[in-house]
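Chains, contacts and geometry: an overview
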Protein chains: 2
Amino acid sequence: MNKYVELNENTVVEYVKSKISFFDEDAVYVCNEIGDGNLNLVFRVKDTKNEKSIIVKQALPYVRAAGENWPLDIRRGEIETHILNIEYELTGGLVPKVYFYDTDMYCMAMEDLDNYIIMRYGLLEFNQYPNFAEQISDFLVKTLLLTSDVVMEHKEKKENVKSFINPQLCEITEDLVYTEPFHIGARNNIEEALQGFHKEEIVDDEELAIEVAKLKYDFMNNAQALLHGDLHTGSIFVNQDSTKVIDPEFAFYGPMAYDVGALIANLIMNYISTKASLDKGELRSKHEKFLLDSIRDVVDMFKAKFLNLWDDAVTDKMAKSKGFKEYYINDVLVNAAGVAGCEMVRRTVGFAHVKDLDGITDNEKRIKAKKENLHLAKILIKNRTEIVNGEEYIRLIEKYL
Amino acid sequence: MNKYVELNENTVVEYVKSKISFFDEDAVYVCNEIGDGNLNLVFRVKDTKNEKSIIVKQALPYVRAAGENWPLDIRRGEIETHILNIEYELTGGLVPKVYFYDTDMYCMAMEDLDNYIIMRYGLLEFNQYPNFAEQISDFLVKTLLLTSDVVMEHKEKKENVKSFINPQLCEITEDLVYTEPFHIGARNNIEEALQGFHKEEIVDDEELAIEVAKLKYDFMNNAQALLHGDLHTGSIFVNQDSTKVIDPEFAFYGPMAYDVGALIANLIMNYISTKASLDKGELRSKHEKFLLDSIRDVVDMFKAKFLNLWDDAVTDKMAKSKGFKEYYINDVLVNAAGVAGCEMVRRTVGFAHVKDLDGITDNEKRIKAKKENLHLAKILIKNRTEIVNGEEYIRLIEKYL
């Protein structure tokens, strides 16, 4: 820790210049701290003359918002760098490029995505991203299939499983996604008008509990592929041309369905939000159509590309058995529908909500939307064996929303 | 490696005395090398005066049978000691007690099981072990359920998964159990009269290949519990009173079904052996009855004890959902039937055979027995969803053998 010094807006330029030759000689620097203040120090260092910029992210040994009494592993940037490098390589650049990681300063520098917007906020402004489904399905197929032992040398894959074991962050998901939202209490955050409905529809449904338990044990035990681990629309930067996935700090070896399902759920919740927030009209129908198309395309493109890449990339002899790839992708899609349901429940009644739902300002419409969301979530979990293509999602959305 | 010296019959007594005070002052030592010569140096050090003895097992840095050109991780005894200690604790002594492990000499000392016999040889002499089913079902339930995250604190379990990852030995199982026996060639060992049958019944069956692939990926990805990993009747010492499981060098976190299925398969193969080797008569029917009873009891006692222990031991809130334990044990039993089938195939046509089958001296009877074994194995793999209790095994054995 001797060489560790907290950076600030005055010192970060010299620091960056000492680590990489990224900026030009004649650079005119502007430097801002842009972090959200929760965990890390985040700076944008910009050369206004040559229009170049870089993001510098330094970890603190504690939760910034809480102070030194809540210590946190300061090496988390090392793991993030490792994963981003792997994902960059596998996907041909669908994550920000990392320029360096400094083990003394627990500091990383990466590509500035200043012409991008966080997808959740973009969608809440009813923007459309025509390349999104194509690019995110690429991201999913390449990061998931190519890190599994269907493709990888088995011993190397096991070494990966070992090095990416992530007990602390997995526990957060186990608790906040798969346990607490299906019970009363704990860290749940349920608005009063929804509490009765939550109890009757979710907590008291014994069949639902068994299905969620199955999904939870799949999450905990099935070391299938290197997941992003938190792939909601808040972890994705987009613009009209391009998609970049960020923040893989929850990465670990788990079931492919977890990433796929989390993403679908967040698109569905934006659909619910759009329907509740806008009056009928062109804007609403255009955005609804974009979302339904995106949901269908994400699912169907993921499936089609997965099966194609399988033929090129699979190395394991038993995995090549005729018909096995169809079984395999079907299993991923079935569980993805279940994960989507769990994500939708927890974002409605659990600890961490989404703006898509909470941001519906009309009280009545918001409660109605949240009830519909919980109801559809249940259908996704309990009927998941039938939900293996994009059309089925559209059918259910049109039936229940 | 400075402090490492290979032991021999002349030096092992002084070595043991320097490490533990196990023997009496007036001991009269007899010392023999009793290893099978493949991997380790194994000595029995006995005090003939006071009837006390101990087993000393020293690893060599290479495969003893092959010489220094085939190096092997010399720390394997450390892993074995670690697992035996865990299993001893969990099962109340159903494995040999380890007295010490010496990290300088890569040497362990453990309880001498000189009044026990390796179960495979005992069964081949038509001996019966009345306590076996009771004790081995105890071993299975306690080592499997209590190391899973249904019971363990989840973060601690993940640390266990990490520390017991065993890529080299898992690869042996993946290849020799789940891949090569279902193809032509590689390291298979198939007697000529069986080659056509093997090709038609096993290799050419595309449905079988998919089912085996599913089981293989369950073995590779499902980090459910700390397995023994090689629980055949050659890894079990028995006598009329007691059962001790040995040789957990393949231990890793995998599907519970793997241990359960391997054991059942080896009992079935002894049944086939008995039927083929003995003429009809009292000895044969007595031994057949013992084996059928044992198979039924192992399955049914495992299930009943598992469900009982679940109620006492389970800590995870979602796992306590009503009906989930029945789903969970059903899944274990279904896959155990599949594993049993794979084990029966590989012991007939794969690299490592069993004496139960190869030891049937009459050519015609042996080939017939091996064909029946392959046929029943297929049934177990393909119909495994129906095979969830002891009675169903008995029904299939009586129908197909």
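Now for a quick tour of the structure. Only a predicted model underlies this, so the values are computations on that prediction, with no experimental measurement involved. (Residues numbered from 1 in each chain as written. Chains lettered and ligands numbered in written order. Predicted model: local features only at pLDDT ≥ 70, side-chain atom pairs only at ≥ 80, totals over all residues. Heavy atoms only, no water.)

**Some points on the sheet that holds strand β8 (residues 117-118) of chain A**
All names here are of chain A. Here 3 strands make up an open sheet; going across it, the order is β8-β10-β11 and the pairing antiparallel. Bordering the open sheet on either side are β8 and β11 (243-245), each of which pairs with just one other strand. Of the strands in this sheet, β10 (236-238) and β11 are in contact with helix α4 (residues 132-145), which crosses β11 at around 35 degrees. (Pairing = 2+ DSSP bridges. Helix = DSSP H or I, 4+ residues; strand = E, 2+ residues; numbered from the N terminus. Contact = heavy atoms within 4.5 Å. Axes fitted to C-alpha atoms, helices over the stretch in contact; angles between N-to-C directions.)

**With respect to the relation of the copies chain A and chain B**
Here two copies of a chain appear, and what relates them is a rotation about an axis with a shift along it. For the pair chain A and chain B, the superposition axis carries a translation of 0.1 Å, the fit reaches an RMSD of 0.1 Å, and the rotation angle comes to 180 degrees. This pairing of chains is accounted for by a two-fold axis. The share of interface residues of chain A whose copies in chain B are also at the interface is 100%, consistent with both copies meeting through the same surface. (Least-squares fit on C-alpha atoms with pLDDT ≥ 70 in both.)

**So, the pattern of salt bridges**
When their charged atoms lie close together, side chains carrying opposite charge are able to pair. In this structure the tally under the stated criterion is 82 salt bridges over all chains. Asp293(A) is the partner of Arg296(A) in a salt bridge, and the nearest nitrogen-oxygen pair spans 2.9 Å. Here Arg296(A) and its partner Asp293(A) are both found in helix α10 (residues 282-313), 3 residues apart, which amounts to about one turn of the helix. Here Arg296(A) falls in the partly exposed class, since its relative accessible area comes to 22%. Close ionic contact of Lys378(B) with Glu201(B) constitutes a salt bridge, the shortest N to O distance being 3.4 Å. Of this pair, Lys378(B) sits in helix α13 (residues 363-382) while Glu201(B) sits in helix α7 (residues 192-203); the two residues are 177 residues apart in sequence, bridging distant segments of the chain. Three or more residues joined by partner-sharing salt bridges are found here, namely Glu134(A), Asp138(A), Lys142(A) and Lys305(A). (Salt bridge = Lys/Arg side-chain N within 4 Å of Asp/Glu carboxyl O. Buried < 20%, exposed > 50% of the residue type's maximum accessible area, 1.4 Å probe, protein only.)

**Details of the pairing of strand β3 (residues 52-59) of chain B**
Residue and element names in this part refer to chain B. Counting buried positions over the 8 residues of β3 gives 7, a clear majority of the element. One ladder, built from 8 bridges, connects strand β2 (residues 40-47) with β3; its direction is antiparallel. Residue pairing for β3: Leu41 is matched across the bridge by Gln58. Linking β2 to β3, which pair antiparallel, is a turn of 4 residues; within it Glu51 sits at a positive phi near 55 degrees. Sheet analysis places β3 next to strand β5 (residues 107-111), joined by 5 bridges and oriented antiparallel. Across the sheet, Gln58 pairs through a bridge with Cys107, a residue of β5.

**Examining the environment of Met110(A)**
Residue and element names in this part refer to chain A. Along the chain, the position of Met110 falls in strand β7 (residues 107-111). By relative accessible area, Met110 is classed as buried at 10%. Distance in space between the C-alpha atoms of Met110 and Arg384 is 39 Å, their sequence separation being 274 residues. Those residues in contact with Met110 that lie beyond four places of it in its chain are Ile54, Ile55, Lys57, Glu80, Leu84, Pro96, Lys97, Val98 and Tyr99.

**Describing the state of the cysteines**
Applying the stated criterion across every chain yields a total of 0 disulfides over all chains. Cys107(B) provides the cysteine sulfur closest to Cys31(B), a residue in no disulfide bond, and the two sulfurs are 11 Å apart. (Disulfide = S-S within 2.5 Å.)

**A look at the interface of chain A and chain B**
Contact with chain A, which involves 42 residues of that partner, is made by 42 residues of chain B. Interface area for chain A against chain B, summed over the two sides, is near 3800 Å², with a carbon-plus-sulfur share of 64%. Along the contact surface separating chain A from chain B lie 8 salt bridges. If you look at where chain A meets chain B, you find 16 residue pairs in polar contact (both at pLDDT 80 or more). Mapped by element, the contributors of at least two residues to the side of chain A that touches chain B are α5 (154-163), α6 (167-176), α8 (206-221) and α11 (324-349) of chain A. Class assignment of the residues belonging to the side of chain A that touches chain B gives a composition of 18 nonpolar, 9 polar and 15 charged. (Buried area = accessible area lost by both parts, 1.4 Å probe. Polar contact = N/O pair within 3.5 Å; in protein donor to acceptor, adjacent residues only side chain to side chain. Nonpolar A, V, L, I, M, F, W, Y, C, P; charged D, E, K, R; others polar.)

**Section: helix α9 (residues 256-277) of chain A**
Relative to the 32 Å expected for 22 residues at 1.5 Å per residue, α9(A) spans 32 Å between its end C-alpha atoms, a close match to the ideal helical length. Most of α9(A) sits out of view: 20 of its 22 residues are buried. (Expected span 1.5 Å × (residues − 1).)

**A word on the packing of helix α10 (residues 282-313) of chain B against helix α14 (residues 390-400) of chain B**
Residue and element names in this part refer to chain B. The contact between α10 and α14 brings their axes to 7 Å, and the two run at 150 degrees. Considering only the axes of α10 and α14, their crossing is right-handed. Between α10, through Leu292, Ile295, Arg296, Val299 and Asp300, and α14, the contact on the second element is made entirely by Gly390, Glu391, Tyr393, Ile394, Ile397 and Glu398. When the residues that make up the contact of α10 with α14 are grouped by side-chain class, the tally is 6 nonpolar, 1 polar and 4 charged. (Left-handed = near helix turned anticlockwise from the far one by under 90°.)

**Concerning the side chain of Glu87(A)**
If you trace the backbone, Glu87(A) turns up in helix α2 (residues 76-91). Sequence-distant contacts of Glu87(A), that is, excluding residues within four places in its chain, are made with Val95(A), Phe139(A), Thr143(A), His228(A) and Pro248(A).

**Some remarks on the nonpolar core**
Ile268(A) and Ile268(B) are the most contacted members of the largest nonpolar core, which has 255 residues in total. In this structure Ile268(B) touches Ile295(B), Met344(B), Leu376(B), Leu380(B), Tyr393(B), Ile397(B) and Leu401(B), once residues within four positions along its chain are discounted. (Core = buried A, V, L, I, M, F, W, Y, C linked by side-chain atoms within 4.5 Å.)

Interpretation in functional terms is not warranted from these geometric data alone.
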